[in-house]
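Residues per chain, in single letters:
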Amino acid sequence: MDNLSNIGVIKELLERHDFSFSKSLGQNFLVNPTVCPKIAQMGNAQSGFGVIEIGTGIGVLTSELAKGADKVVAIEIDSRLLPVLEETLAEFDNVKIINDDVMNVDLHKLIYEEFQGLEVAVCANLPYYITSPIIMMLLEQRLPIKSVTVMVQKEAGIRLCAKMGTRDVGAITVAVNYFSEPKMLFNVSRGSFMPSPNVDSCVVRFDIKDKTPEGVTDEKHFFKVVRAAFSQRRKTLVNSVSSSLGIDKSVVAKAADEAGLQQNIRPEQMLMDDYIRFAENLKQLTNG
Ligand code: SAM
């Protein structure tokens, strides 16, 4: 079905299906016709690719992805949208809808069963209430995927794509840089959605690294230390990690010193290698 980003078409469709927007499911549907073709084009929806979409809404992005990719598997939690999607995606025979919470779907199995012989990409206009958990779930599982291209809140996008060592870095910046190369693609104004949210948005892409950084012997410990470093934002690395993990300050200070870090360094000033050396030192000093 064409014109899926036309407000009149959407209103008629949703009224006919007696559909009302769910705020708690983050249902802000795209009504700007220029956005979805750009996400599809920049998100690897092309020949030779299978695409996983998270959160279809009425299928405005799904149909653009289906035009470019060999196959699309879209996961939508809201069963009320299924009859709508049957209508809007009727012309495509390369789309499969899974009615589930994306956090409950076995994506390794899905990729193995649905995308044999294809490269795989993830594309989504994410529900904002669950942006970080979805991104971390996609990255931490080490899925055999090329890229993750997602619309997120502008502030989240700035943090996700901040350059390491700069003010906007947070724990999630370190995590996404560990698994991928993040890139800010373009901004999307709040007026591009129905209903219009109170925040602007942006589209970011994570190009998945073939190899994660060397030198991390225990990823669980590494990410625990990264989270601890940012747990009290205005504190120094040493104070924050010491109080968050309950480790004596002199031990944390020694781990920093042996990593070549100044005692008053702040977590956002550190580069990936600094985190790796510091976390490894701390592990050895605490036998943890
Ligand atoms: N892709 C559509 C668009 O761009 O217009 C809809 C985007 S809307 C921001 C987010 C969509 O994700 C909604 O359709 C919502 O029902 C769905 N959703 C919310 N939580 C979800 C979850 N945990 N798993 C799968 N889909 C979810």
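Just so it is clear, the model here is predicted, and its values are computed rather than measured.

To continue, consider helix α9 (residues 219–229). Within the span of α9, buried status applies to His221, Phe222, Phe223, Val225, Val226, Ala228 and Ala229. Each element contacted by the buried residues of α9 is listed here: α8 (171–179), α10 (237–245) and α12 (272–286). Where α9 begins, the capping side chain belongs to Asp218, and its oxygen is found 3.2 Å from the backbone nitrogen of Lys220.

A separate point is the site of the ligand. With respect to spatial proximity, 23 residues lie near the ligand, and among them Leu30, Gly55, Glu76, Asn125 and Tyr129 are the closest. Ile77 is positioned with one of its backbone polar atoms (N or O) 3.4 Å from a nitrogen atom of the ligand. Within the complex, 99% of the 600 Å² of free accessible area of the ligand lies under protein. Those elements giving two or more residues to the shell around the ligand turn out to be β1 (29–30) and β3 (71–76). Class assignment of the residues belonging to the shell around the ligand gives a composition of 11 nonpolar, seven polar and five charged.

Ordered by their spatial adjacency, seven strands build an open sheet running β4-β3-β2-β5-β6-β9-β7, and the pairing between neighbours is mixed. The sheet is open, and its two edges are formed by β4 (95–99) and β7 (180–188), each paired on a single side. Going from strand to strand, the sheet's axes swing by 20° on average, the running direction of each strand aside. Here eight bridges tie β7 to strand β9 (residues 201–208), and the two strands are oriented antiparallel to one another. Counterpart to Glu181 in the pairing with β9 is Asp207.

On to the nonpolar core. Counting 66 residues, the largest nonpolar core has Phe222 and Phe278 as the members making the most contacts within it. Here this core spans two domains, since at least three of its residues come from each of domain 1 (7–208) and domain 2 (219–286). Among all residues touching Phe278, those that are not within four sequence positions of it are Val225, Leu237, Val241, Val252, Ala255, Ala256, Ala259, Leu261 and Met270. Membership of the second largest hydrophobic core comes to 34 residues, among which are Leu30, Ala45, Leu81 and Cys123.

Right, let's talk about the domain arrangement of the protein chain for a bit. With domains assigned, the protein chain is organised as domain 1 (7–208) and domain 2 (219–286). On a C-alpha basis, the centres of domain 1 and domain 2 stand 34 Å from each other. Each partner contributes to the interface: domain 1 provides 15 residues, whereas domain 2 provides 13 residues. A combined buried area of about 1100 Å² lies between domain 1 and domain 2, and 69% of that area is made up of carbon and sulfur atoms. Three residues, Met164, Val174 and Tyr178, lead the burial of domain 1 against domain 2; their summed loss comes to 41% of the area buried on that side. For Arg142, the salt bridge identified is with Glu219, shortest N-O distance 2.2 Å. Taken together, the connections running from domain 1 to domain 2 amount to three residue pairs in polar contact (both at pLDDT 80 or more). With six residues, α8 is the single largest residue contributor to the side of domain 1 that touches domain 2. Among the residues forming the side of domain 1 that touches domain 2, the class breakdown is seven nonpolar, four polar and four charged.

Taken as a whole and judged by the stated rule, the model has zero disulfides. With no disulfide of its own, Cys161 lies 6.7 Å from the sulfur of Cys202, the closest cysteine sulfur.

By the element assignment, Ser242 lies in helix α10. Of note is the side chain of Ser242, whose polar atom sits 2.8 Å from the backbone oxygen of Ile247.

Note on placement: Val203 falls in strand β9. For Val203 and Val188, which are 15 residues apart along the polypeptide, the C-alpha to C-alpha distance reads 7.5 Å. Ignoring anything within four residues of it in the chain, the contact list for Val203 reads Ile39, Thr149, Val150, Met151, Lys183, Met184, Leu185, Phe186 and Val188.

For strand β5 (residues 119–125), a buried count of six out of seven residues is recorded, marking the element as mostly surrounded by other parts of the structure. Following the chain from β5 across helix α6 (residues 131–140) to the adjacent parallel strand β6 (residues 147–153), one finds a crossover that is right-handed.

Let us look at unusual backbone geometry. Peptide bonds are, in most cases, trans, and in most cases residues other than glycine have a negative phi. Of note, the amide linkage connecting Met194 to Pro195 takes the cis form, showing an omega dihedral of -10°. Mapped onto the elements, Pro195 comes out in the loop between β8 (193–194) and β9. Unlike most non-glycine residues, Asp18 shows phi in positive territory, near 55°. Here Asp18 lies in the loop between α1 (7–16) and β1. Here the phi dihedral of Asn44 falls at roughly 75°; this positive angle occurs in a residue that is not glycine.

Cut-offs and rules
Each residue is numbered by its place in its chain's sequence as written, counting from 1. Residues qualify for local features only when their pLDDT is at least 70, as the model is predicted, and side-chain atom pairs are given and counted only at 80 or more; totals for whole chains, interfaces and linings, by contrast, use all residues. Side-chain metrics in this entry use all non-hydrogen atoms of the structure; hydrogen atoms and water are not considered. When accessible area is computed with a 1.4 Å probe and restricted to protein chains, residues below 20% of their type maximum are described as buried, those above 50% as exposed, and intermediate ones as partly exposed. Elements are defined by DSSP. Helices are runs of H or I of four residues or more, strands are runs of E of two residues or more, and each kind is numbered from the N terminus. Whether two residues touch is decided by their heavy atoms; if any such pair falls within 4.5 Å, the residues are in contact. In protein, a polar contact means a hydrogen-donor-capable atom and an acceptor-capable atom, both N or O and within 3.5 Å, with residues adjacent in sequence counting only if both atoms are side-chain atoms; elsewhere, any N or O pair within 3.5 Å suffices. Here a residue counts as near a molecule or strand whenever at least one of its heavy atoms sits within 4 Å of it. Residue burial considers only the protein chains on display, and all accessible areas are found by Shrake-Rupley using a 1.4 Å probe. Amino acid classes used here: Ala, Val, Leu, Ile, Met, Phe, Trp, Tyr, Cys and Pro are nonpolar; Asp, Glu, Lys and Arg are charged; the rest, including Gly, are polar. In this description, strands pair whenever DSSP reports at least two bridges between them. For helices, the fitted axis covers only the stretch in contact; all axes are lines through C-alpha atoms, and the angles between them, taken along N-to-C directions, range from 0 to 180 degrees. In plain words, nonpolar cores are sets of buried Ala, Val, Leu, Ile, Met, Phe, Trp, Tyr and Cys residues tied together by side-chain atoms within 4.5 Å. Here the limits of each domain have been adopted from an automatic or database domain assignment. Buried area is understood as the total, over both parts, of accessible area removed when two parts are fitted together, assessed with a 1.4 Å probe. Here a salt bridge means any side-chain nitrogen of Lys or Arg lying within 4 Å of a carboxyl oxygen belonging to Asp or Glu. Here, two cysteine sulfur atoms that lie within 2.5 Å of each other are counted as a disulfide. Consider the strands pointing away from the viewer: the crossover is right-handed when the path from the first strand over the helix to the second runs clockwise.

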